[in-house]
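Residue-level structure breakdown
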Amino acid sequence: MRRAISMATSVAIAVSAGAIGYLLVLVRTPPDGGAPTGGPSAVTAPLPGQPGAPGPTKGSAARAVTTGLGAPPPHTGVPSPLPAAAPQAGRIEVTAPPRGLTFRVNGSFTVSWKNTTGENVNVWLHTKSGKSRPERLVMVAPRGGNKPTDEAIVTLPRVPAGPSYRLEVAAAYGPATAFSNTFAITG
């Protein structure tokens, strides 16, 4: 029984060592507890191709030992590429309010969107006056939902009346953004 436990422990150590890229050589200790001939009872060495490993091996003994224990085969010397971070995919599409509506200052209405980014969104009020570029005025709905289709209630701040306002629905931390149809605000 004692020998079976000792062998099971040795195999567990060998599997663990093989899983992290080391070749474990087990040398049987004599039953009288004396030192084994040929070295210590367990010797670890890096597998071929690992840092600190001796030159390339000609045989397949290392591969046979680690494969027989259920460990992955030794490193071949060719670095495996690390998994690349997945680029943020997806887009946002504003589905409401529809074109041609007029809203009052301090009035509230619903903005809705489709979001395939999986991120929460912020909703900003934009204006365009004359020939200038549209500009962000104020965030009107912070941290909107991240569901595939979602909505938020927007309350307009006190802004000058005008025909060229729109909402921007933008991913909180990514580049995805979309704009609503243009609407007017009256005083």
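Residues numbered from 1 in each chain as written. Predicted model: local features only at pLDDT ≥ 70, side-chain atom pairs only at ≥ 80, totals over all residues. Heavy atoms only, no water.

Points about the overall build of the chain
Along its length, the chain carries two helices and eleven strands. Every one of the 187 residues in the chain was classed for burial, and the buried ones make up 29%. By sequence separation, contacts in the chain at least 24 residues apart represent 58% of the contacts at least 6 residues apart. Entry remark: accessible area of the chain is about 12,100 Å², with carbon and sulfur atoms responsible for 59%. (Helix = DSSP H or I, 4+ residues; strand = E, 2+ residues; numbered from the N terminus. Buried < 20%, exposed > 50% of the residue type's maximum accessible area, 1.4 Å probe, protein only. Contact = heavy atoms within 4.5 Å. Areas by Shrake-Rupley, 256 points an atom, 1.4 Å probe, with all protein chains shown as cover.)

Considerations on the environment of Pro134
Here Pro134 lies in the loop between β6 (121–127) and β7 (135–144). Pro134 sits in the partly exposed class, given a relative accessible area of 31%. Between the alpha carbons of Pro134 and Arg166 there is a distance of 9.1 Å; along the sequence they are 32 residues apart. Those residues in contact with Pro134 that sit more than four places away from it in its chain are His126, Thr127, Lys128 and Arg166.

On their own, these measurements won't tell you what the molecule is for.
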